[in-house]
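Each chain is listed here by its residues.
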Amino acid sequence: MDQTSASFIDIRSVAKVYQSDTGEDVPALSSVSLKIKQGEFVSLLGPSGCGKTTLMMIVAGLSAASKGEVQIEGKKIVDPYTDIGIVFQNAELLEWRTALQNILLQMEIRKLDINTYIPIAKQLLSQVGLSGFEDRYPDELSGGMKQRVALCRALVHDPDILLMDEPFGALDAMTRDQMNIDLQRIWLEKRKTAILVTHSIDEAVFLSDRVVVMTGRPASVAEDIKIDLPRPRKLGIRDSSEFNAYTGHIREMFKDLGVFTND
Amino acid sequence: MQTEVKKKPPAKSSVRWLVPVLSILALLLLWEGVVRLLNIPIYMLPPPSKVAHVAVAESPLLFRHALSTIWAILLGFGLAVVIGIPIATLMIYSDAFNRAIYPILITAQVLPKVALAPLFIVWFGFGLIPKVLMTFLIAFFPIVVDTLAGLSAVRPESLMLLRSMGGSRWQSFWKVRLPTALPHIFSGLKIGMTFAVVGAIVAEFVASEAGLGYVLVEARASLNMVLVFAAIIWLIAIGFIFYFAVEYAERIFVKGRSTKRSQELGAGL
């Protein structure tokens, strides 16, 4: 089954140390190793501010590792990796551009033919339930709508890798559930290699093939859990005993790691 | 079709215009009334009716001098924009340049520029140059400061996004930094523009033989207060035209950012 045999993203003993203003070393990541296969959906799960985002930025080549290295398809990452789509916690839409123009920013920066991509962008928008909103400015969209546009922008150029940094963290629980359903559907269609940074245990288990549980700062991998639940998963799966076995196990782990106290 | 997300309330333009027009009319009536009732002599405070009459009757003279003032404003303000925005941009991108220029900038600002006017006469005589220079010096600072604030307002995530797209420095400036800065730049331009008018007049007070500022000084010397006020009316008109020209440009260039929503949802807070 494992046709690509070698791992697609290979994170090799990556560590990151920041310098504080007073010149002290602040460790953020301590030697993280992780292999991710092509088309796999992996969640980095851990408490807020534990260094998950740092790890994601190093994978994207937007931040340099203090030790270790990241290889994608066997090549060491030194510059920003561009065959990639990123979704941040805030949608980061440019407010002077309409939804469609925000998506087409990808084409402008990459110097691709915009006219070729207009139908693709419009199709993506309709896939996330936003057809008819092409010419709306971000100011006229709700938080969930903005994040959908950001997801379209991350996918329009058909990248190999989709990185998401707590993309639904700022949304209410109901919108978040809907976004999880939509994201799973789109991912099943396109089968991108996806890394999701989240601090929601339910979200991680619901969406992922693997959940990488991380310890608090400086972060390292506490456990790498394979999620063996059939797809497409429906929201109701969260009430199943299999699902709760995973989430219960992870909650216990976080308790052992000292994330939850007095429970 | 999708349902509408937010509907903008219809603008009641007739009422919107009526309020400021009425308030100005009321002020003028009050002025006229006070002058007539208290019998204030015309060399102290002329009534607005007289001022309006002279502002029109003397329009050939006032127009000739206004042109001179307008030139000084346009050139000085233009220079402040053409030099100020690139300097702010360089300050953002080069730390060394920033540190080199910053003390000079602050010194130039805390220095009362009017004090330089007598020097300008010595150096440049009584022509257009000292006026343009003074206007430039006064309009320059708000433009640089607001451009700096605007260019720094860019979100780091936006820049990361551009890097992940393989964007160049030039692209990130042109597509993200500059548009992000535009609302700030325009508030700097608006302040700079009103300052520019002040700069031109101050220079004309001291170092000129033409312009509305010169007319003011000469008219006052001969106690021709009606002409003083007429010149002021012309200056107000010039200030208005330039200010709204900048605001019009802002409306064209700054898109998608309405303050309407915060006004609407803030309900007057």
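Residues numbered from 1 in each chain as written. Chains lettered and ligands numbered in written order. Predicted model: local features only at pLDDT ≥ 70, side-chain atom pairs only at ≥ 80, totals over all residues. Heavy atoms only, no water.

When helices and strands are tallied, chain A shows seven helices and 10 strands. In summary, chain A has a C-alpha radius of gyration of 19 Å against a globular reference of 18 Å for 263 residues, a match within 12%. Dimensions along the principal axes, computed over C-alpha positions, put chain A at roughly 50 × 45 × 45 Å. Counting only residues that meet the buried cut, chain A has 53% of its 263 residues in that class. Here the contacts in chain A between residues at least 6 apart in sequence split such that 70% fall between residues at least 24 apart. When the accessible surface of chain A is totalled, it reaches about 11400 Å², and 48% of it is carbon and sulfur. Charge-centre separation for chain A: the mean point of 30 positive side chains lies 3 Å from the mean point of 37 negative side chains. (Helix = DSSP H or I, 4+ residues; strand = E, 2+ residues; numbered from the N terminus. Rg over C-alpha atoms; globule rule 2.2 N^0.38 Å. Buried < 20%, exposed > 50% of the residue type's maximum accessible area, 1.4 Å probe, protein only. Contact = heavy atoms within 4.5 Å. Areas by Shrake-Rupley, 256 points an atom, 1.4 Å probe, with all protein chains shown as cover. Lys, Arg positive; Asp, Glu negative; His and termini not counted. Charge placed at Lys NZ, Arg CZ, Asp CG, Glu CD.)

Turning next to the overall build of chain B. When helices and strands are tallied, chain B shows 11 helices and zero strands. The N-to-C order of helical and strand elements in chain B reads α-α-α-α-α-α-α-α-α-α-α. Buried residues in chain B amount to 39% of all 269 residues. Considering only intrachain contacts with a sequence separation of at least 6, the fraction spanning at least 24 residues in chain B is 75%. Accessible surface for chain B amounts to roughly 15600 Å². Of this, 72% is attributable to carbon and sulfur atoms.

The next thing to look at is the interface of chain A and chain B. Opposite the 30 residues of chain A that make contact, chain B presents 27 residues. Together, the buried faces of chain A and chain B total about 2600 Å²; carbon and sulfur atoms form 57% of this surface. Summed over the shared surface of chain A and chain B, the number is two salt bridges. Here Lys175 of chain B and Glu108 of chain A are joined by a salt bridge, their closest N and O atoms 2.6 Å apart. With five residues, the single largest contributor to the side of chain A that touches chain B is helix α2 (residues 99-110) of chain A. Residue classes in the side of chain A that touches chain B are distributed as 13 nonpolar, seven polar and 10 charged. (Buried area = accessible area lost by both parts, 1.4 Å probe. Salt bridge = Lys/Arg side-chain N within 4 Å of Asp/Glu carboxyl O. Nonpolar A, V, L, I, M, F, W, Y, C, P; charged D, E, K, R; others polar.)

Right, let's talk about the sheet that holds strand β1 (residues 9-19) of chain A for a bit. Residue and element names in this part refer to chain A. Across the sheet, four strands lie side by side as β2-β1-β4-β5; this open sheet has antiparallel pairing. Of all strands in the sheet, those bounded by a partner on one side alone are β2 (25-36) and β5 (75-76). When β1 meets strand β4 (residues 67-72), the two strands line up antiparallel, connected through five bridges. Paired with Asp10 across the two strands is Gln71, which belongs to β4. Strand contacts of helix α1 (residues 52-59): β1, β2 and β4, with the helix running at about 120 degrees to β1, the strand carrying the most contacts. (Pairing = 2+ DSSP bridges. Axes fitted to C-alpha atoms, helices over the stretch in contact; angles between N-to-C directions.)

On average, residues of chain B score 89 in pLDDT, and 90% of them reach the 70 mark or higher. No element of chain B has a lower mean pLDDT than helix α11 (residues 260-266) of chain B, at 63, and none a higher one than helix α3 (residues 59-93) of chain B, at 95. (pLDDT = per-residue confidence, 0-100.)

All names here are of chain B. Between α3 and helix α8 (residues 169-207), whose axes approach to 8 Å, the crossing angle comes to 145 degrees. As for how α3 packs across α8, the hand of that crossing is right-handed. Tallied by class, the residues present in the contact of α3 with α8 amount to 15 nonpolar, five polar and three charged. (Left-handed = near helix turned anticlockwise from the far one by under 90°.)

Backbone-to-backbone hydrogen bonds pair the strands of a sheet. The strands run either parallel or antiparallel. Residue and element names in this part refer to chain A. Strand order across the open sheet formed by six strands is β6-β7-β8-β3-β9-β10, with mixed pairing between neighbours. Where the open sheet ends on each side, the last strands, each with one partner, are β6 (84-87) and β10 (221-226). Strand after strand, the sheet turns through a mean of 15 degrees between neighbouring axes, direction not considered.

All names here are of chain A. In terms of burial, strand β8 (residues 193-198) is a largely internal element, six of the six residues being buried. Of the two faces of β8, the one holding Thr193, Ile195 and Val197 and the one holding Ala194, Leu196 and Thr198 are both buried throughout. Of the strand pairs in this sheet, strand β3 (residues 41-45) and β8 are connected by five bridges, and their pairing is parallel. Residue pairing across strands places Ser43 opposite Leu196, the latter belonging to β8.

Tallying each qualifying case throughout the model produces 23 salt bridges over all chains. Put simply, Glu166 of chain A and Lys52 of chain A hold a salt bridge, and the shortest N to O gap is 3.7 Å. With Glu166 of chain A in the loop between β7 (161-165) and α5 (173-190) and Lys52 of chain A in helix α1, this residue pair connects regions lying 114 residues apart in the sequence. Classification of Lys52 of chain A as buried rests on a relative accessible area of 2%. The closest approach of N and O atoms between Asp182 of chain A and Arg148 of chain A, which form a salt bridge, is 2.8 Å. Residue Asp182 of chain A is located in helix α5, and its partner Arg148 of chain A is located in helix α4 (residues 143-155); the two are separated by 34 residues in the primary sequence. The residues Asp182 of chain A and Arg148 of chain A share a single accessibility class, namely buried. Each of Lys190, Glu247, Glu250 and Arg251 of chain B takes part in one network of salt bridges that share partners.

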